[in-house]
Amino acid sequence: MIVKVVLKTMQNARKLVSIVEPISCDVELCCGRYVVNAKSMLGVLSMPDFEKGELHVHTDNDKECELILDKLLEADLLMDTNDAVCRSIYDITVFGEILIDFTSQRLNEDGQMLYARNPGGAPANVAVASGRLGAHTAFMGKAGEDMHGEFLRSVLQKENVDTRGMLLDKNYFTTLAFVEVNESGERTFSFARKPGADTQIRKEELDVDILDQTNIFHIGSLSLTDQPARDTTFYAVKRAKNKGSIISYDPNYRASLWENEEIAKEHMRSLIPYVDIMKISDEETELLSGYKNVPEAAEELYRQGVKIVAITLGRNGTYIYNKEGGRIVNGFAVEHVADTNGAGDSFWGSFLYKLSQSDKSIDELTLEELAEYVRFGNAAASLCVEKKGAIPAMPKLSQVEERLEDKKWI
């Protein structure tokens, strides 16, 4: 394992030595051509550049690596980017699942259902939705080293989403989701994910250079269903928040991926204390907040520390809430719903795009300004549902602006 650490002070040097000294394997601190024993205080202090270095831990023990990363994070020794929000390379970085949506199309002449292979996964959808509007986005996650994983990576690259943080693992298969779409465009899911590659991403596999340099860091809840992805999610969120990123969360409840609702509730709620902005659907309010009533659910999440809460209401628009209170922002009229898959991700990716382009902090944004961002997101979602698939249906900026000009609100 190799991680970048910051030293600068005698106190930090002592912290580093105290963390690595009990480790049974060799640990070296490197800076250029200089290599010293990181367990030795004299060795660390002899470094010619005392500002930063690379810590080389010579072990393949995953649990030991995770423990070391946690201790370095808690000690604030992982390398800082000096005001990450101001110097962000990425507007939005997403972390989590990327998968194949095999979406039902029609019955053939023999009565067999035909399925189309579509790229999907809520975080990946959000990255593309924001990217098509002009945001600089990055994806972090894992797929299988198989035909589907290669296809998914090529899709993100074609969409100009940075894929340096996307791993392909030969030991696990890419997760598959079979999506049945009824005549009204509503969906039911069946997953092939036991385990899927997305659940197997480990802390030490994360590209921290991406993680440390993003304005907004977005996650969902599917990475919380299994280990080691659950611990990796928390590590990534804590690190990004520590570096100054805005933490965005869309729980995206999928009942079939959890052992039961109580376990889902426990793990999905566990991220809320770290979250700055959050999107849920009106069907998830009670699960995430304990309140079925939309305004009460938003108020409860705000009391728990979420600064901006958006609750999607389907065709009826979105309820947005911040320190000033809440209001409903109407949706847009749609002539025909082809597929609701990806609509929420299109909405949230568009909302995050507007947020990333603002020169204000999230604490400075007024309810009226947030309502404009929501209206923009509602317009994008209305375009998305008119086409089939998730990523293929994400609109471009010119299309969203044209729909906004129509003002065909419900």
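Refer to the preceding data block for the structure.
Here the residue numbers are simple positions, counted from 1 along each chain's written sequence. With pLDDT at 70 or above as the cut-off, local features in this predicted model cover only qualifying residues; side-chain atom pairs require 80 or more to be listed or tallied, and sums for whole chains, interfaces and linings still use all residues. Computation of side-chain values covers all heavy atoms of the structure but excludes hydrogens and water.

J.: Got a minute to help me understand the pairing of strand β4 (residues 52–57) in this structure?
T.: Look at any regular strand and the pattern is simple: side chains alternate between the two faces of the sheet. Alignment of strand β1 (residues 2–6) against β4, held across five bridges, turns out to be antiparallel. Each residue of the ladder has a partner; that of V6, found in β4, is K52. One bridge is not enough; two strands pair if DSSP finds at least two bridges between them. Working definition: helices are DSSP H or I runs of at least four residues, strands are E runs of at least two. Numbering for both runs from the N terminus. Sheet analysis places strand β2 (residues 27–31) next to β4, joined by four bridges and oriented antiparallel. Each bridged residue has a counterpart across the sheet, and for V27 the counterpart in β4 is V57.

J.: Teacher, can you tell me more about the side chain of T163 here?
T.: Locating T163 in the fold gives a position in strand β9 (residues 162–169). Any pair of N or O atoms that falls within 3.5 Å is considered a polar contact. Within protein, one atom must be able to donate a hydrogen and the other to accept it, and sequence-neighbouring residues count only if both atoms are side-chain atoms. One polar contact links T163 to Q157, side chain to side chain, over a distance of 3.3 Å. Only heavy atoms matter for contacts: two residues are in contact if any of them lie within 4.5 Å across the pair. Excluding anything up to four places from it in sequence, T163 contacts R153, L156 and Q157.

J.: Please clarify how the nonpolar core should be interpreted in this entry.
T.: One recurring pattern in soluble globular proteins: nonpolar side chains tend to sit buried together. Put simply, a nonpolar core is a bunch of buried Ala, Val, Leu, Ile, Met, Phe, Trp, Tyr and Cys residues held in one set by side-chain atoms that sit within 4.5 Å of each other. Note on exposure labels: buried denotes an accessible area under 20% of the residue type's maximum, exposed denotes more than 50%, and partly exposed covers the range between, all computed with a 1.4 Å probe on protein chains only. Counting residues in each nonpolar core, the largest one holds 68 residues, and the members touching the most others are L29, L55, L72, F217, Y249, M278 and I311. Considering every element that reaches this core, the biggest residue donor is helix α7 (residues 229–242), with six residues. Not counting residues within four places of it along the chain, the set of residues in contact with L29 comprises V5, L7, L16, Y34, V35, V36, A38, V44, M47, G53, E54 and L55. In this structure, F139, V155, I308 and Y373 belong to the second largest nonpolar core, which totals 52 residues.

J.: How should I be thinking about helix α5 (residues 147–158) in this particular structure?
T.: Three- or four-residue spacings in an α-helix give side chains the same orientation, since the helix completes a turn every 3.6 residues. Over its twelve residues, α5 runs 16 Å from end to end, which matches the ideal 16 Å to within 8%, given 1.5 Å per residue. Along α5, the positions that sit buried rather than exposed are H148, G149, L152, V155 and L156. For α5, the angular spread of buried residues about the axis comes to 125°, placing them on one side. Turned more than 90 degrees away from the buried face of α5, the exposed residues are M147 and K158. Among the residues of α5, the N-terminal cap falls to D146, whose side-chain oxygen and the backbone nitrogen of H148 are separated by 3.0 Å. Expected helix span is given by 1.5 Å per residue-to-residue step, counting one fewer step than there are residues. Relevant arc is that of directions from the helix axis to the C-beta atoms, nothing else.

J.: Would you mind showing me how to read the pattern of salt bridges here?
T.: Salt bridges are defined by distance alone: a side-chain nitrogen of Lys or Arg within 4 Å of a carboxyl oxygen of Asp or Glu. A complete count under the given rule lists 21 salt bridges for this structure. Between R164 and D162 there is a salt bridge, with its nearest N and O atoms 3.6 Å apart.

J.: Honestly, the sheet that holds strand β16 (residues 318–322) in this entry has me stumped. Any pointers?
T.: By definition, the strands of a sheet pair up through backbone hydrogen bonds, in either a parallel or an antiparallel sense. With respect to topology, nine strands assemble into an open sheet ordered β9-β8-β5-β12-β13-β14-β15-β16-β17, the strand pairing being mixed. Each edge of the open sheet is held by one strand with a lone partner, namely β9 and β17 (325–329). Here the average twist between neighbouring strands, direction ignored, is 15°. Examined bridge by bridge, strand β13 (residues 246–250) and strand β14 (residues 277–281) share two bridges and lie parallel to one another. Bridge assignment links Y249 to a residue of β14, and that residue is M278. The strands touched by α5 are β8 (137–144) and β9; relative to β9, the strand with the most contacts, the crossing angle is about 180°. Fitting a line to C-alpha atoms yields each axis, with helices limited to the stretch in contact; the angle taken between N-to-C directions then spans 0 to 180 degrees.

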